[in-house]
Amino acid sequence: MEVDAPLAGRIGALSLAAIPVAYVLSRVSEISHPAWVALMSALVLGLLFLAIYNLAGGEVARDPLYAVCALLAFTSVVDLVIALQEDGYVVGFLEFYTKEAEPYLRTAHGIFICYWDGTVHYLLYLAMAGAIRRRKEFRNLGLYWLGSFTMSLLVFIPGNILGKYSSEIRPAFLLAFLYMLIPCWAGMRIFSQPRPPTSCTPNMVQEWQAKRLLQRPADLALVLYLVLAAVFTLFRGLVALDCSTDACFVYIYQYEPYLRDPVVYPKVQMLVYLFYFLPFCGLAAYALVVPGCAWLPDWALVFAGAVGQAQFSHVGASLHPRTPFTYRVPEDAWGCFLLCNLLLALGPHLLACRCLRQPSFFLPAPPRKQP
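Residues numbered from 1 in each chain as written. Predicted model: local features only at pLDDT ≥ 70, side-chain atom pairs only at ≥ 80, totals over all residues. Heavy atoms only, no water.

Some details on the overall build of the protein chain
Argument step 1. A count of helical and extended segments in the protein chain gives 15 helices and zero strands.
Argument step 2. The C-alpha radius of gyration computed for the protein chain amounts to 22 Å, which stays within 12% of the reference 21 Å derived for 371 residues, consistent with globular compactness.
Argument step 3. A principal-axis box enclosing the C-alpha atoms of the protein chain has dimensions of 80 × 60 × 30 Å.
Argument step 4. Sequence-distant contacts, at least 24 apart, represent 78% of the contacts inside the protein chain between residues at least 6 apart.
Argument step 5. Side chains of the protein chain give 26 positive and 23 negative charges; the mean places of these two sets differ by 10 Å. (Helix = DSSP H or I, 4+ residues; strand = E, 2+ residues; numbered from the N terminus. Rg over C-alpha atoms; globule rule 2.2 N^0.38 Å. Contact = heavy atoms within 4.5 Å. Lys, Arg positive; Asp, Glu negative; His and termini not counted. Charge placed at Lys NZ, Arg CZ, Asp CG, Glu CD.)

Take a look at the structure:
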């Protein structure tokens, strides 16, 4: 992941301005009302956009995604400060915001999505902005970020509406709906970019596509993984839907009681897996058997980002002290719980790496020469 040093310095300095801004605003008690907090948040983002446009107006005009990266880098630093504050590592920065604007960020799930946004997303924003500045492609980075960002919203927003914090939704929550427009717009721009060139020759494509699955042990292992991941996803989806079988009862009480947490985030996460990740497992297994499925490399990156973000937040929240003790994973089940969830997070990344390193099997078959 390359980052343009001068550009990273400018965007990094602008994003790190979130720390003094948060400290100053926390000292102004007049903005503690929820409506004023929402208005203040919108005003800060508007002023930030003007600053970005003045610093790099040419880049913004050439590719508006540059401004989005710079703007979201600022909010990533804000999220990291929120997470550090809620865990007690810093004090006196954004307590007014988490109390009056978005109290659901104080949950274990909210803390871990802030950690992910403040680290992984932050680095991705710097890398994508640097690629835009250097006129280089960033399609793969953008696809990974798109999956991660979308998964975060798919779980966080419904969880806020349906969970125990539904009665504490404040005006600042409306900003989350504006965030929903970002992956829709950015996704269309990223997918419309040309794919990076490959070094695959027609002979390599024919050679790879002539191999059966048993002749490709790595692909065979990935197919087996996808089948097991689909079964595990289906099982946890049934558990989240309160299936009354003995296996589901034992699992939810002895291995993953976090699925019963009234914050609802874990249940929504399992349903998102059930309706999106489960079909992808079947389609990806098909693409590893039948050659020429050119869509798999792109969507493997999207789902790698989505599952990475989801597993980080889910596993972290399952063990975090903010989760009530009765819903935390029992200590005697940590080994099984961590092993299953880490394997679930690792598999999509291995699939994406396989697609990027040797895409010959997924390219359209070259036309056969006429005699």
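Overview of the confidence of the model for the protein chain
Argument step 1. For the protein chain, mean pLDDT is 86; residues scoring 70 or higher make up 91% of the total.
Argument step 2. When the criterion is pLDDT under 50, residues 1-5 qualifies, and its contacts beyond four places in sequence or with other chains add up to 14 contacts. (pLDDT = per-residue confidence, 0-100.)

Brief notes about helix 2 (residues 18-26)
Argument step 1. Listed as buried for helix 2 are Ala18, Ala22, Leu25 and Ser26. For helix 2, the arc enclosing every buried residue in end-on projection is 100°, short of the 170-degree limit, so these residues lie on one face. (Buried < 20%, exposed > 50% of the residue type's maximum accessible area, 1.4 Å probe, protein only. Arc of directions from axis to C-beta.)

Observations concerning the packing of helix 5 (residues 65-86) against helix 7 (residues 108-133)
Argument step 1. Packing of helix 5 against helix 7 brings their axes to within 7 Å, and their N-to-C directions diverge by 155°. By the angle class used here, helix 5 and helix 7 are roughly antiparallel. Both helix 5 and helix 7 take part in a crossing whose hand is left-handed.
Argument step 2. In the contact of helix 5 with helix 7, the residues fall into 18 nonpolar, five polar and three charged. (Axes fitted to C-alpha atoms, helices over the stretch in contact; angles between N-to-C directions. Parallel < 35°, antiparallel > 145°, perpendicular 65-115°, else oblique. Left-handed = near helix turned anticlockwise from the far one by under 90°. Nonpolar A, V, L, I, M, F, W, Y, C, P; charged D, E, K, R; others polar.)

A look at helix 5
Think of an α-helix as turning once every 3.6 residues; residues three or four places apart then point the same way.
Argument step 1. Over its 22 residues, helix 5 extends 31 Å from the first C-alpha to the last, a length consistent with the 32 Å expected when each residue adds 1.5 Å.
Argument step 2. Counting buried residues along helix 5, 18 of its 22 residues qualify, which places the element largely inside the surrounding structure.
Argument step 3. Of the residues flanking the end of helix 5, it is Gly88, one or two places downstream, whose phi is positive at about 85°. (Expected span 1.5 Å × (residues − 1).)

Describing the packing of aromatic side chains
Argument step 1. Counted according to the given criterion, the structure contains 16 aromatic pairs.
Argument step 2. Both rings, one in Tyr125 and one in Trp145, keep their centres 6.1 Å apart while their planes meet at 65°; by these two values the pair is edge-to-face. Taken together, the residues Tyr125 in helix 7 and Trp145 in helix 8 (residues 139-162) connect sequence positions 20 residues apart. This pair shows no difference in class: Tyr125 is buried, exactly as Trp145 is.
Argument step 3. Here Tyr273 and Phe277 contribute two aromatic rings whose centre-to-centre distance is 5.6 Å and whose plane-to-plane angle is 50°, an arrangement assigned as tilted. With Tyr273 and Phe277 both in helix 13 (residues 265-289), this residue pair falls four residues apart, about one helical turn.
Argument step 4. Taking the relative accessible area as the measure of exposure, Tyr273 reaches 1% and is therefore buried.
Argument step 5. Classification of Phe277 by relative accessible area gives buried; the value is 2%.
Argument step 6. Three or more aromatic residues joined by ring pairs form one cluster here, namely Phe191, Tyr273, Phe277, Phe280, Trp299 and Phe303. (Phe/Tyr/Trp six-rings, centres within 6.5 Å; stacked < 30°, edge-to-face > 60°.)

Let's talk about the side chain of His109
Argument step 1. Mapping His109 onto the fold places it in helix 7.
Argument step 2. Using a relative accessible area of 5% as the deciding quantity, one classes His109 as buried.

What to know about unusual backbone geometry
Argument step 1. Not every positive phi belongs to a glycine, and Arg135 is a case in point at roughly 60°.
Argument step 2. Mapped onto the fold, Arg135 is located in the loop between helix 7 and helix 8.
Argument step 3. The phi dihedral of Asp242 is positive, around 65°, even though this residue is not glycine.
Argument step 4. Mapped onto the elements of the fold, Asp242 is located in the loop between helix 11 (217-240) and helix 12 (246-254).
Argument step 5. The exposure class assigned to Asp242 is exposed, which follows from its relative accessible area of 56%.

Focus: the pattern of salt bridges
Argument step 1. Enumeration according to the criterion identifies eight salt bridges in this entry.
Argument step 2. The partner of Arg322 in a salt bridge is Glu86, with the nearest N and O atoms 3.1 Å apart. Taken together, the positions of Arg322 in the loop between helix 14 (296-319) and helix 15 (334-357) and Glu86 in helix 5 put the pair 236 residues apart, joining distant regions of the chain.
Argument step 3. Arg322 sits in the partly exposed class, given a relative accessible area of 35%. (Salt bridge = Lys/Arg side-chain N within 4 Å of Asp/Glu carboxyl O.)

Structural notes on the nonpolar core
Argument step 1. Counting 107 residues, the largest nonpolar core has Trp145, Phe277, Leu296 and Leu351 as the members making the most contacts within it.
Argument step 2. For this core, the element with the highest residue contribution is helix 7, accounting for 15 residues.
Argument step 3. Once you skip the residues sitting within four places of it in the chain, Phe277 turns out to touch Tyr225, Ala229, Thr233, Val272, Phe303, Val307, Leu344 and Pro348. (Core = buried A, V, L, I, M, F, W, Y, C linked by side-chain atoms within 4.5 Å.)

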